[in-house]
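Structural overview for review
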Amino acid sequence: SHGEPDFSKPHFFEFMASELDDFFDAFPHVDGLFAWNCECSIFTPSRLKHQTVSKAEIARRAMKTVYDVCQRRGKLMMHDIHTAGADKELSKGIIDAAAELPELILGADATYSDWHMLLPTTPWLAEMKKKNRIYMGFDASGEFFGQGRTIGGWPRWIMKHFRAGKEQGLDAVSIRSS
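Residues numbered from 1 in each chain as written. Predicted model: local features only at pLDDT ≥ 70, side-chain atom pairs only at ≥ 80, totals over all residues. Heavy atoms only, no water.

1. Digging into the sheet that holds strand β2 (residues 76–80)
Spatial ordering of the open sheet is given by β1-β2-β3-β4-β5, a layout of five strands whose pairing is parallel. Looking along the sheet, the strands with just one partner apiece sit at the ends: β1 (32–36) and β5 (172–176). Recorded for the sheet is a direction-independent mean angle of 25 degrees between the axes of neighbouring strands. In this sheet, β2 lies alongside β1 in parallel orientation, the contact comprising five bridges. From the neighbouring strand, Ala35 faces β2, where its bridge partner is His79. (Pairing = 2+ DSSP bridges. Helix = DSSP H or I, 4+ residues; strand = E, 2+ residues; numbered from the N terminus. Axes fitted to C-alpha atoms, helices over the stretch in contact; angles between N-to-C directions.)

2. Section: the nonpolar core
Counting 39 residues, the largest nonpolar core has Met63, Val66, Ile81, Ile94, Leu104, Leu106 and Met128 as the members making the most contacts within it. In this view, Met128 contacts Ile81, Ile95, Leu106, Gly107, Ala108, Ile134 and Tyr135; residues no more than four positions away in its chain are not counted. (Core = buried A, V, L, I, M, F, W, Y, C linked by side-chain atoms within 4.5 Å. Buried < 20%, exposed > 50% of the residue type's maximum accessible area, 1.4 Å probe, protein only. Contact = heavy atoms within 4.5 Å.)

3. Quick notes on the pattern of salt bridges
Under the counting rule described, the total for this entry stands at 10 salt bridges. Its salt-bridge partner being Lys9, residue Asp6 comes within 3.5 Å of it at the nearest N-O pair. Overall, Lys9 belongs to the partly exposed group, its relative accessible area being 40%. Residue Lys64 is joined to Asp68 by a salt bridge in which the shortest nitrogen-to-oxygen separation is 2.9 Å. With Lys64 and Asp68 both in helix α2 (residues 55–73) and four residues apart, this pair spans about one turn of that helix. Of the residues examined, Lys64 reaches a relative accessible area of 33% and is grouped as partly exposed. A relative accessible area of 35% places Asp68 in the partly exposed class. Three or more residues joined by partner-sharing salt bridges are found here, namely Asp21, Asp25, Arg72 and Arg73. (Salt bridge = Lys/Arg side-chain N within 4 Å of Asp/Glu carboxyl O.)

4. Things to note about the environment of Glu89
Inspection of the secondary structure assignment puts Glu89 in helix α3 (residues 88–99). Taking the relative accessible area as the measure of exposure, Glu89 reaches 42% and is therefore partly exposed. When the C-alpha positions of Glu89 and Ser54 are compared, they lie 9.3 Å apart, and in sequence the two are 35 residues distant.

Written out as structure tokens, the structure is:
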């Protein structure tokens, strides 16, 4: 309806599970999956406008679908809040959903909601670590809100947020370069 999948029905989630099973059948040596809620996806729940279930519920169902397949297959699952479409409601929903999935490793970008020289370290880490192992992601190229711009001085930025994240008991750090 309105060009959006209807996330209140099980069809999309059944399709996701089937696709994951096909993937693991084709690549049985893979240890697990890394998923994130990207601001650029056309179907990120933060962009959907015509749903009968909340963004948080959509995230919960999708995460549980992937998690259940991974658990059944003996695979790890990591989920990165990433920017969650720069949506605080969705970010909170992802954290709540992850709390129901004890083996899930939950991560977030170093700053909310994406690389930014002036924002403080992501505020979600303390809540995230209550129920899940956590990691923090760094966009080492400084992809400033998807604009492909970089600003000099990022090593200091990484160290500032790495120290703040370390205080929260990070289990890992991821660094991506565009």
